[in-house]
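Spelled out, the chains give:
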There are 2 protein chains.
Amino acid sequence: MHSEAVASRSADQRDSREPRRDTKEPRNGTPQLDAVSLAIVQQLQEDGRRPYAAIGKAVGLSEAAVRQRVQKLLDQGVMQIVAVTDPLTVGFRRQAMLGIHVDGDLDPVADALTAMSEVEYIVITAGSFDLMVEIVCEDDDHLLEVINKRIRTLPGVRSTESFVYLKLKKQTYMWGTR
Amino acid sequence: MHSEAVASRSADQRDSREPRRDTKEPRNGTPQLDAVSLAIVQQLQEDGRRPYAAIGKAVGLSEAAVRQRVQKLLDQGVMQIVAVTDPLTVGFRRQAMLGIHVDGDLDPVADALTAMSEVEYIVITAGSFDLMVEIVCEDDDHLLEVINKRIRTLPGVRSTESFVYLKLKKQTYMWGTR
DNA sequence: TCGGTCACTGCGAAATCCGCAAATCATGAG
DNA sequence: CTCATGATTTGCGGATTTCGCAGTGACCGA
C-alpha cells in the first residue's frame, strides 16, 4: 500500500506502478542501492544539508522514511556527508601524486601509508605502478620529508615517481549524478 | 576584538593567547581562512549536518554567526557540503588514473577533459606526465571507450598511460583535521 | 496459517533554522 | 583623538525541521 500512498503524495514525481524494485538486491558482494536510495544520494550530493522533507518530496517518500534511509546509508558507510574544501585555501599548498613500485606483498606498504595523515588517497593499480597515492602537504619541505624520509624508507618500497601538482583543474563529487 | 570574545566564551576550547591570526590576511590571491572559520570547516568535515548551535559551541560563536560564516564559505566556494559515496556501491565498477602527455598548450586539453562527466579529477603536474586525470566508469567497455575513443583522439594528446584501479585502500576528506 | 522482520507513515514535542534589528568592533578619514 | 562607515556578531521570535515512537501493511520462513 505504501506505493499508493507514495503515488498520492507525489504523483507528479514518481510512477505509482513501479513494481516495488526490491530494497536489497543482494546480488553480488556489494550491497547495491535501489533506485530510491540512489535518488536520495543524488539529492544529498547537490546539497548535503537539504532537509529530509524536501528530499522526500523529490524521491516520493515520507520525511521519516528518508531519515531512516539516510541514517542507514551513513551507518553502512555507503555514503558520508561532509564538507570538502580546496586544500589551497585551508593551508596545504603542496600536493603530489606518487607512483610506487613495491617488492612483494602490497598490503604492508599500503597499511603503513594509510597510517600517514598526509596521505589522502591510496589505490592499488594495474600498470607500471603498483600503488598510487595522493599526498597533501603544507609546503615543499613537508612534502620532501614525507616522500623522502617516510615513504621511500618504507620496507618493500623499491622506488617512487613523483608528480607534483601545478594546478587542480577539476574535482567533482557527483558520482551517479550524471 | 572578536578574538577576545571567542576566548572569553570558550576558554575551554581555544587558546586565548593566540596572537590574532588576522581575519582576512589578504596576502596572496587566495582569501585564506581565519582560525575560527577553519574550526567551523573541521566541524563540518566530521559531520556535514552538524547543527549550527553545536558548531558554535565548539568554536566559540553564536549560532547565527556560524550560520553566516558557513553561508559565506559556501557562497565563496571555499567549501561545499556534499554526500560522498563509494563509487562501487553506486554502480561504477571501473576506475582508472590516466597519465597524459600533451603537445603544446595544456589548457585546451584540460578544458575538453573537464567537459567529460566520466572525468572526476584533473591536475596539471610536473613530472613525466603533463596531466593526470581520474576516470570513473560503469564497466570495462565504458572505460575503454572513454580512454580510446574520446581522450586519446583529443587534439594535443600525444600519448597516455593507464593505471586501472584494482583496489581503493584509503580515501579521506579530512584536510585540515589533522 | 502464524509469527517475525522490515520498511513506511503519521504525529506531537523538542530542537533547529532563518531573517532581522540592534549592538559591537575595526578601520580610516578628518 | 573623534567620528563615520562597513563588517561581524548577537539575541530574538516564528517558521521549519528533526526526532522518537507507535501503528500498519508486505514479505518470508516455519
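Okay, the side chain of R50(A) next. Tracing the backbone shows R50(A) in the loop between α2 (35-46) and α3 (52-59). In this structure the side chain of R50(A) is engaged in a polar contact, spanning 2.6 Å, whose partner is the side chain of Q43(A). With sequence-adjacent residues up to four places away left out, R50(A) is seen in contact with Q43(A), L44(A), I55(A) and R49(B).

Looking now at the packing of α3(A) against helix α4 (residues 63-76) of chain A. All names here are of chain A. Where α3 contacts α4, the axes come no closer than 8 Å and their chain directions differ by 100 degrees. Classed by the angle they form, the pair α3 and α4 counts as roughly perpendicular. Where α3 approaches α4, its residues Y52, A53, I55, G56 and V59 are matched on the opposing element by E63, V66, R67 and V70. Tallied by class, residues from the contact of α3 with α4 come to six nonpolar, one polar and two charged.

All names here are of chain A. In terms of residue burial, strand β2 (residues 94-102) counts as a mostly covered element, since seven of its nine residues are buried. With seven bridges joining them, β2 and strand β4 (residues 131-137) adopt antiparallel strand pairing. Looking at the pairing, M97 lines up with E134 of β4. Across seven bridges, β2 lies against strand β5 (residues 157-171) in antiparallel orientation. Within β5, the residue paired with A96 across the bridge is V164.

Moving on: the confidence of the model for chain A. Residues and elements named next belong to chain A. For chain A, mean pLDDT is 84; residues scoring 70 or higher make up 80% of the total. The element-level mean pLDDT for chain A is lowest in helix α1 (residues 2-10), coming to 32, with α3 highest at 98. A low-confidence stretch, residues 1-30 (pLDDT under 50), is modelled with 27 contacts involving residues beyond four sequence positions or located in other chains.

The next thing to look at is the pattern of salt bridges. Evaluation of the coordinates by the stated rule reveals 16 salt bridges over all chains. Across the pair D34(A) and R69(A) runs a salt bridge, and its minimum N-O distance is 2.9 Å. In this pair, D34(A) sits in the loop between α1 and α2 while R69(A) sits in helix α4, placing the two residues 35 residues apart along the sequence. D34(A) gets classed as buried once you look at its relative accessible area, which sits at 6%. One salt bridge connects D107(B) with K169(A), and the closest N-O pair in it is separated by 3.1 Å. Placement of D107(B) in helix α5 (residues 106-114) and of K169(A) in strand β5 is noted, with the two residues assigned to different chains. Residue K169(A) is classed as partly exposed on the basis of its relative accessible area of 24%.

On to the sheet that holds β5(A), then. Within the closed barrel, the eight strands sit side by side as β2(A)-β4(A)-β3(A)-β5(B)-β2(B)-β4(B)-β3(B)-β5(A). Their pairing is antiparallel. For this sheet, the mean inter-axis angle between neighbouring strands, taken without regard to orientation, is 35 degrees. Packing of α5(B) onto the sheet brings it into contact with β5 of chain A together with β2 (94-102), β3 (119-126), β4 (131-137) and β5 (157-171) of chain B, and relative to β5(A) it is tilted by some 80 degrees. Its contacts with the sheet place helix α6 (residues 140-151) of chain B against β2, β4 and β5 of chain B, and it is angled at close to 145 degrees to β4(B).

With that settled, consider helix α4 (residues 63-76) of chain B. Residues and elements named next belong to chain B. Helix length check: α4, at 14 residues, gives a terminal C-alpha distance of 20 Å against a target of 20 Å (1.5 Å per residue), a fit within 8%. Taken residue by residue, α4 has V66, R69, V70 and L73 as its buried positions. The buried side chains of α4 occupy one side of the element, clustering within an arc of 100 degrees when seen end-on. Exposed and oriented more than 90 degrees from the buried face of α4 are Q68 and D75. Positive phi shows up at G77, right after α4, with a value of about 75 degrees.

Scoring rules and cut-offs
- Counting restarts for each chain, with residues numbered from 1 along the sequence as it is written.
- In the order they appear in the text, chains get letters beginning with A and ligands get numbers beginning with 1.
- Given that this is a predicted model, residues contribute local features only at a pLDDT of at least 70 and side-chain atom pairs are listed and counted only at 80 or more, while totals for whole chains, interfaces and linings are drawn from all residues.
- Here the side-chain values reflect all heavy atoms present in the structure, with hydrogen atoms and water set aside.
- Counting from the N terminus, the helices are DSSP H or I runs at least four residues long and the strands are E runs at least two residues long.
- Here a polar contact is taken to be a pair of N or O atoms separated by no more than 3.5 Å, where protein atoms must pair a possible hydrogen donor with a possible acceptor and residues adjacent in sequence count only if both atoms sit in side chains.
- Two residues qualify as a contact provided that any one of their heavy atoms is within 4.5 Å of a heavy atom in the partner residue.
- Interaxial angles span 0 to 180 degrees and are taken between N-to-C directions of axes, which are lines fitted to C-alpha atoms, for helices over the stretch in contact.
- For classification purposes, an angle smaller than 35 degrees is called roughly parallel, one larger than 145 roughly antiparallel, one from 65 to 115 roughly perpendicular, and anything else oblique.
- Side-chain classes are defined by residue name, with Ala, Val, Leu, Ile, Met, Phe, Trp, Tyr, Cys and Pro counting as nonpolar, Asp, Glu, Lys and Arg as charged, and the others, Gly among them, as polar.
- Exposure classes here rest on a 1.4 Å probe applied to the protein chains alone. A residue is buried below 20% of its type maximum, exposed above 50%, and partly exposed in between.
- Strand pairing follows a simple DSSP-based rule, namely that at least 2 bridges must link the two strands.
- Scored between 0 and 100, pLDDT is the confidence that the predictor attaches to each residue.
- We define a salt bridge as a contact between a side-chain nitrogen of Lys or Arg and a carboxyl oxygen of Asp or Glu at a distance within 4 Å.
- Every helix has an expected span of 1.5 Å times one less than the residues it contains.
- Each direction from the helix axis to a C-beta atom contributes to the arc, which is the arc of those directions.

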